[in-house]
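Architecture at a glance
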Amino acid sequence: MSTENLPQIPERRGPGQSSDGRSLRKPRVAVVFGGRSSEHGISVVTAGAVLRAIDRSKYDVLPIGITVDGRWALTADEPERMAITDRRTPSVEQLADSPDGVVALSVDPGNREVVYSEPGAVPKALGEVDVVFPVMHGPYGEDGTIQGLLELAGVPYVGSGVLASAVGQDKEYMKRVFTSFGLPVGPYEVIRPREWELDPSAARQRIVDFAGEHGWPLFIKPARAGSSIGITKVDEVSGLDAAIEEAQRHDPKILVEALLRGREIECGVLEFEDGPRASVPAEIPPVQSHDFYDFEAKYIDSASGIVPAPLTEEQTAEVRRLAVAAFDAASCEGLVRADFFLTEDGGFVINEINTMPGFTPISMYPRMWQETGVGYPELVDLLIQAALRRSTGLR
């Protein structure tokens, strides 16, 4: 790709301001997506929705994709190419302007400049960014890693910081944090990679003992993955090894959870200037063609949730309270989707939070906020504005 056609940006004096306070340019938003996790494709789909929603009269936009091998690539601003087609998710490799070009962000906090380079060519400065919208799911994006990079670079970004992102990605420590704050969590067991490698028989027996206490079926899942990827519902001991192998394809640490009988309820949390607020909740009804609400049910078969959830006023108030409490317990910022079970005894149990929930047109988070009175474009704008208000570093 010729560097002559790369986007230019005026010299930056502040978030869109000149030295005397006059408007110099629109704030520039870098939408970063893709990444090295198994959720690469759905991240691209989510980025397409965000790019369509950003108000171009208010913001300049720079799409940056991260390939599955970790290369930061300049991509075309063409959200129509970022959709699921023939049950397949898109990839950054398909969208990259060049197979070899690399985008780099300076880690000098005084310089937010983005540079583009190709082999054999002089690097080209693309100008500075004011805020990053990291539409990343899973490891190497949603787990605090890209947040740490942006903290080093001194660039504000949408969503939670390093600690909250890491806690929100690691389901073991998420549950430990929630328990320490008195939030209700379900029974679980953790099998660490060293345990499985050194003595798989003992690790397997621990799972069997857990099933003896809480009953079958169990859910075997990666401890640090999302979008229901790598999860297996296991009905008896004979299915354990295959389920563990599937989970470890995505994460060497696995989580074992007991079946909680009840209704699946979700609630969105959004940060406003006066603090976090909860959306109306949604219910995920049983999906007839799937054992549980897995990846294909969410994104391929477009399973629809019920918004708002048919709950009593008291139940609605309680789940909204718990969602905000979970947001605060993990020190989250920006946005969170909190997932619950309403058990048969009438109590709520928090299953997990997602610090960068799905943002596709059929995703539950934007649907819940739409029903609450915040449309998709306004939701994107509120998140960008919240990020621009925050500083990087300790806060």
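Cut-offs applied
Residues numbered from 1 in each chain as written. Predicted model: local features only at pLDDT ≥ 70, side-chain atom pairs only at ≥ 80, totals over all residues. Heavy atoms only, no water. Pairing = 2+ DSSP bridges. Helix = DSSP H or I, 4+ residues; strand = E, 2+ residues; numbered from the N terminus. Axes fitted to C-alpha atoms, helices over the stretch in contact; angles between N-to-C directions. Contact = heavy atoms within 4.5 Å. Phe/Tyr/Trp six-rings, centres within 6.5 Å; stacked < 30°, edge-to-face > 60°. Lys NZ or Arg CZ within 6 Å of the ring centre and 35° of its normal. Buried < 20%, exposed > 50% of the residue type's maximum accessible area, 1.4 Å probe, protein only. Expected span 1.5 Å × (residues − 1). Arc of directions from axis to C-beta. Core = buried A, V, L, I, M, F, W, Y, C linked by side-chain atoms within 4.5 Å. 1 Å grid on protein atoms, 1.4 Å probe; cavity = no way out; pocket = protein on both sides within 12 Å on 5 of 7 lines; lining within 4 Å. Points joined across faces, edges and corners; volume = space filled by probe spheres on them. Nonpolar A, V, L, I, M, F, W, Y, C, P; charged D, E, K, R; others polar. Salt bridge = Lys/Arg side-chain N within 4 Å of Asp/Glu carboxyl O.

With that out of the way, let us pick up the sheet that holds strand 3 (residues 72-74). Strand order in this open sheet of four strands is 3-2-1-7, and the pairing throughout is mixed. On the outer flanks of this sheet lie strand 3 and strand 7 (131-135), each paired with one strand and no other. The average angle at which neighbouring strand axes cross in this sheet is 30°, direction not considered. Relative to strand 3, strand 2 (residues 60-66) is paired through three bridges, and the arrangement is antiparallel. Counterpart to Ile66 in the pairing with strand 3 is Trp72. Along the sheet, helix 1 (residues 40-53) contacts strand 1 (28-34), strand 2 and strand 7; its crossing angle with strand 1, the most-contacted strand, is approximately 155°.

Attention shifts here to the packing of aromatic side chains. If you walk through the whole model with that rule in mind, you get five aromatic pairs. Among the aromatic residues, those joined into a ring-pair cluster are Phe133, Phe359, Tyr365 and Tyr376. Looking at Arg36, its charged tip hangs above the ring of Tyr140, at a distance of 3.9 Å from the centre.

Every buried residue belonging to helix 11 (residues 364-372) is among Met364, Tyr365, Pro366, Met368 and Trp369, and all of these are buried. In this structure, the buried side of helix 11 is in contact with strand 12 (262-272), strand 13 (275-278), strand 14 (282-284), strand 15 (335-343) and helix 12 (376-389). Just past helix 11, the residue Gly373 takes up positive phi, approximately 115°.

This part takes up helix 7 (residues 200-214). The terminal C-alpha atoms of helix 7 lie 21 Å apart, and with 15 residues this matches the ideal 21 Å at 1.5 Å per residue to within 8%. Along helix 7, the positions that sit buried rather than exposed are Ala203, Ile207, Phe210 and Ala211. On an axial view of helix 7, the arc spanned by its buried residues comes to 100°, and they lie on one face. In helix 7, the exposed positions that point more than 90 degrees away from the buried face belong to Gly212 and Glu213. Close packing links the buried residues of helix 7 with strand 8 (188-191), helix 6 (193-198), strand 9 (218-222), helix 8 (240-248) and strand 11 (254-258). Looking one or two residues past helix 7, Gly215 carries a phi angle of roughly 90°, positive in sign.

Let us now look at the nonpolar core. Of all hydrophobic cores here, the largest spans 35 residues; its most connected members are Val31 and Phe133. For this core, the secondary-structure elements that each account for two or more residues are strand 1, helix 1, helix 2 (92-95), strand 7, strand 12, helix 11 and helix 12. One finds Ala323, Val324, Val336 and Ala338 within the second-largest nonpolar core, a separate group that totals 27 residues.

Here we come to empty space enclosed by the protein. Counting across every chain of the model gives five cavities of 30 Å³ or more. Its volume calculated, the second largest cavity comes out at about 70 Å³. Together, Glu39, Gly138, Glu142, Gly168, Gln169, Lys171, Met174, Ala225, Gly226, Glu352, Ile353 and Asn354 line the second largest cavity. Counting only elements with at least two residues in the lining of the second largest cavity, the list comes to helix 4 (162-169), helix 5 (171-180) and strand 16 (348-354). When grouped by side-chain class, the residues that make up the lining of the second largest cavity number three nonpolar, five polar and four charged.

The next point concerns the pattern of salt bridges. For side chains bearing opposite charge, pairing can occur when the charged atoms are close. The full count for this structure, using the stated rule, is 26 salt bridges. Between Glu257 and Lys175 there is a salt bridge, with its nearest N and O atoms 3.0 Å apart. Within this pair, whereas Glu257 is found in strand 11, its partner Lys175 is found in helix 5, the two being separated by 82 residues in sequence. Here the two residues Glu257 and Lys175 agree in accessibility, since each one is buried. Note that Arg249 is salt-bridged to Glu246, the shortest N-O span being 2.9 Å. Overall, Glu246 belongs to the partly exposed group, its relative accessible area being 26%.

None of the figures reported here should be taken as evidence of function without further support.
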